[in-house]
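# Chain and residue survey
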Amino acid sequence: MGTAKQLFAQQNAQFQGLIFDEQQTPLSGVSILITPDHALTKSDNQGSFILRKLFTGTYTYTITAIGYQTKTGTVELHAKDKKIHHFQLQKSNQVLDEVAITKELQNRPSLIDSKNSAMPVTIIDRKAIELMGSRRLDEVLKEQTGIAIVSNTAGGNRSVGVQLQGFSSEYVMILIDGQPMLGRSSGNFDLSRISVSNIERIEIIKGASSCLYGSEALGGAINIITRLGKVTPQLHANVNYGSFQVLDATVEGESSFNKNKGTALLSTNYYRTDGFNTNKDYQSNGTTIPPYQTFSIQGKVRHQLKDDQHFIGASGRYNYRHSDMLRAYGSDYSTLDQQKETDINASLFYDSRWNDRWRSLSTYYLSHYSSDNSVTMQESNTNLTSDNFTQMVHRLEQQFAYQSDDLNITMGVGGSLEAMEVKSSFNSKDQNNFFLYAQANKTFGSKTTVVTGLRYDQSQGYGGKLNPSFGITYQLLPQLALKTGIGTGFKAPDFKTRYQVFYNPAANYYVIGNEVLRSTIDEMDANGQISERRTYIINQLDRNLQAERNTSINAGITWKPMANTTMDVNVFHHQLRNQINSIQVATGMQNMAIFSYQNLPKSVNKGFDVSISTKPLKQLTINAGYQYLISKDMSIADSIKQGSWPYNSLYDAKTGNSYTPTPKDYWGLENRSRHQFNIGAIYQAPWNITINARANFRGKYAFGDANGNHFIDRYDVFVNQHVLYNATIEKKFDKLPFTLRLSGENLSNYLNYLIPGQMGRSILMGVSYRITK
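Everything numeric here is computed off the predicted structure, so don't read it as measured data.

Conventions we followed
- Residues numbered from 1 in each chain as written.
- Predicted model: local features only at pLDDT ≥ 70, side-chain atom pairs only at ≥ 80, totals over all residues.
- Heavy atoms only, no water.
- Helix = DSSP H or I, 4+ residues; strand = E, 2+ residues; numbered from the N terminus.
- Rg over C-alpha atoms; globule rule 2.2 N^0.38 Å.
- Buried < 20%, exposed > 50% of the residue type's maximum accessible area, 1.4 Å probe, protein only.
- Contact = heavy atoms within 4.5 Å.
- 1 Å grid on protein atoms, 1.4 Å probe; cavity = no way out; pocket = protein on both sides within 12 Å on 5 of 7 lines; lining within 4 Å.
- Points joined across faces, edges and corners; volume = space filled by probe spheres on them.
- Nonpolar A, V, L, I, M, F, W, Y, C, P; charged D, E, K, R; others polar.
- Patch = residues over 30% accessible without salt bridge, like charges linked within 9 Å, V, L, I, M, F, W, Y side chains within 5 Å.
- Areas by Shrake-Rupley, 256 points an atom, 1.4 Å probe, with all protein chains shown as cover.
- Salt bridge = Lys/Arg side-chain N within 4 Å of Asp/Glu carboxyl O.
- Pairing = 2+ DSSP bridges.
- Axes fitted to C-alpha atoms, helices over the stretch in contact; angles between N-to-C directions.

Another point: the overall build of the protein. Looking only at helices and strands, one finds eight helices and 44 strands in the protein. Computed over C-alpha atoms, the radius of gyration of the protein comes to 28 Å, within 12% of the 28 Å expected from 2.2 N^0.38 for 773 residues, which places it in the range of a compact globule. Overall, the C-alpha framework of the protein stretches about 100 × 50 × 50 Å when taken along its three principal axes. Of all 773 residues assigned to the protein, the portion counted as buried reaches 55%. When contacts within the protein are restricted to residue pairs at least 6 apart in sequence, those whose partners lie at least 24 apart make up 62%.

Buried within helix H8 (residues 634–642) are the following residues: Ser635, Ile636, Ala637, Ser639 and Ile640. Where H8 is buried, its residues contact strand E34 (593–617) and strand E35 (620–633). Phi turns positive one or two residues past the end of H8, at Gly643, with a value near 70°.

One pass over the structure, following the stated rule, counts ten cavities of 30 Å³ or more. Empty space within the largest cavity amounts to approximately 640 Å³. If you trace the largest cavity, you find 31 residues lining it, with Ser215, Glu216, Glu418, Gln431 and Asn433 closest to the centre. For the lining of the largest cavity, the elements supplying multiple residues, two or more each, are strand E23 (382–403), strand E24 (407–423), strand E25 (426–444), strand E26 (448–459) and helix H5 (495–499). Of the residues forming the lining of the largest cavity, the biggest block, four residues, is contributed by E23. Its residues assigned to classes, the lining of the largest cavity comprises twelve nonpolar, nine polar and ten charged. Here the second largest cavity defines a volume of roughly 390 Å³.

Taken together, the side chains of Leu235, Val239, Val251, Phe733, Leu736, Phe738, Leu740, Val767, Tyr769 and Ile771 define a hydrophobic patch exposed on the protein surface, amounting to about 770 Å² of accessible area. Elements that contribute at least two residues to the nonpolar patch include exactly strand E15 (234–242), strand E43 (738–745) and strand E44 (762–772). Take the nonpolar patch: its biggest share by element is three residues, from E44. Among the structural elements, Tyr769 can be located in strand E44. Overall, the relative accessible area of 33% leaves Tyr769 in the partly exposed class.

Moving on, we get to the side chain of Arg227. Looking at the element boundaries, Arg227 is found in the loop between strand E14 (220–226) and E15. Discounting residues that sit within four places of it in the chain, Arg227 has contacts with Arg126, Asn198, Ile199, Glu200, Glu252, Leu265, Lys300 and Arg770.

Relative to the elements of secondary structure, Gln627 occurs in strand E35. Once the C-alpha coordinates of Gln627 and Thr145 are considered, the two residues, 482 residues apart in sequence, prove to be 6.8 Å apart. In this structure, Gln627 is in contact with Gly146, Gln165, Phe572, Phe608, Asp609, Arg674, His675 and Gln676, ignoring residues within four places of it in sequence.

We now examine the sheet that holds E14. The mixed open sheet is built from five strands, whose spatial order is E8-E13-E14-E11-E12. Two strands bound the open sheet, and with one partner strand each, they are strand E8 (121–125) and strand E12 (179–180). One ladder, built from seven bridges, connects strand E13 (residues 199–206) with E14; its direction is antiparallel. Opposite Ile205, over in E14, you have Ala221 as the bridge partner.

Taking strand neighbours across the sheet as the criterion, the three strands line up as E4-E1-E7 in an open arrangement whose pairing is mixed. Each having just a single partner strand, strand E4 (48–54) and strand E7 (84–88) make up the two edges of the open sheet. Taking the axes of each pair of neighbouring strands and ignoring which way they run, one obtains an average angle of 25° across the sheet. The pairing of strand E1 (residues 13–20) with E4 spans five bridges and is antiparallel. The residue bridging Gly17 from the neighbouring strand is Phe49, located in E4.

Spatial relationships are all this shows, so hold off on functional conclusions.
In structure tokens:
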């Protein structure tokens, strides 16, 4: 823009401003250069910057940031003028950034940065979530490569869990703002508990992540980052309504205060649905997917102290869900399954930047979860089962981070006190845990980055465990990067697998915790409730469960053959020792199956995934992904080789014939598809219309062992391959702060009673209104 028009010899002016993106999120690390002085500075964590001791006059400024269009202009500075200038940066490649996958991370609630993990990381940003038209977390995740959303039938179909590279939900840690969430049913965390209305981004780490997040991240971690940090006051309201009486309403407001030293946010969400019946042939009335209503409210506040290097903050979240699910089987038998869930989280933190390189973060975190579940037979008003479960965690953590041009170090130390109680199963039990970790990222030259980490966890009753991780990325060519990582993890058995006694009347089975197995079986036997007792297996299980351990290896490439195309190929191999799996130990009266838990010596998840993002036209972006997966318990293959009972029989119920199996007859673990494929296209049409269409293919997968030989073979029950189609159309207005959205899911109305969590065709209309001051 040229040089200054005029300068005066009065050095008492300043250039002060705030920089944020199109979503009003402050941008840190943005370079601000003014000429002719060539004074340079960068924006801080709040997007704020200031250049002092300037001469009055007119300057040209240049504002640059990676991923954003450079902004230039002129500004006239006056003596003692403390005006704060606001600058909004536009993304340089808007469509590509919307769907994908990496962006600069700002205002992290934790010093642990997932992008520094040795394992593969996928990041879904807020814009991508909005374009999906999704409302709950499970709806977002099911469209990602390498992720399957699975129903947890053991939890009475209430729980919708996630599967990462073959790992089921109990091995995937779910975190909000870096803090672990509580409340699992049979090890499964119900993802539908979480609304996406206030999510800024979702970070997904595949593979053993215990080095960063602790023992529950044995198979991976999903970290949900909620929003905070907008400078401009604003109010946002969003409502969606549609099929199955789904109503999703969000109101949230955010503002800075005290001269932009502080930021506060309050967000509320209400959601309800009538549920859905996927099996009308068998269940004459009621639903198989529970109807429920939930209300959540979240508040966050952050404020700087005496200078912009020290901050304090707090956050709180309350979530309540209530559900009454009727199930009618014929005219004379129906059950009412009622559940109330309360989820409360709160945290306090102190964030201090000692200097340009060192930073510390002190956090206290409290989480409380309670669930009250009961099932009543309607005809006789008889209580069939009840489960009152509470869990509470107090957690203290101190983190340190060092950052230079080629070296990043993150360290942490902390401990937690966990208490859990299941009425009718066991009284309150406490468990103390202590952890210590460090991770470093070092860049050598211009092509090689090495990541190494180590974490020590001390668990009460299971001793100490060390989990190392190591990764390396090598930029072979400007368009081609090679990367590989290895990590380990461990997971101690939880209280439920050790102590809980749970009856599922809908599926007519019992689950008995390992450490109360013999006493419970003896008591049921004495009461005449046992028709078959598998003594051999019970004797094998009459010992404490061992902690599970996993070694994950991921290796792959990132290739950018063209400026508008990126391809990622990743090969993975996970070897899990002492995997805890259910096993039938007895049969009760009226053919009731009774299960407990055992350690499997060795199981394997291996395969590869490929993801591609390309932009063949300026208005069109296409994303696609494929995963091939083999998931097997190797001890079953050994048992088949040895001809051990019951693995020595392959029975075809259709013909009545039996065969002697070989290891090749073993299909693998239930609920895992060998082939998954997803493709999506985003088209920026005229008149500010965006069309987002997706298709998700899931290959054939095993549902259950039908012929009773304790492994999946070709004569067992499978879910056939199928494709689900989803689409969203969004219209924005130039002069009005409205956005209209029409979204459809499962457009082909694919239904299968073996997929109890899959709703039928769903159409929703939505409108959002945003006021920005």
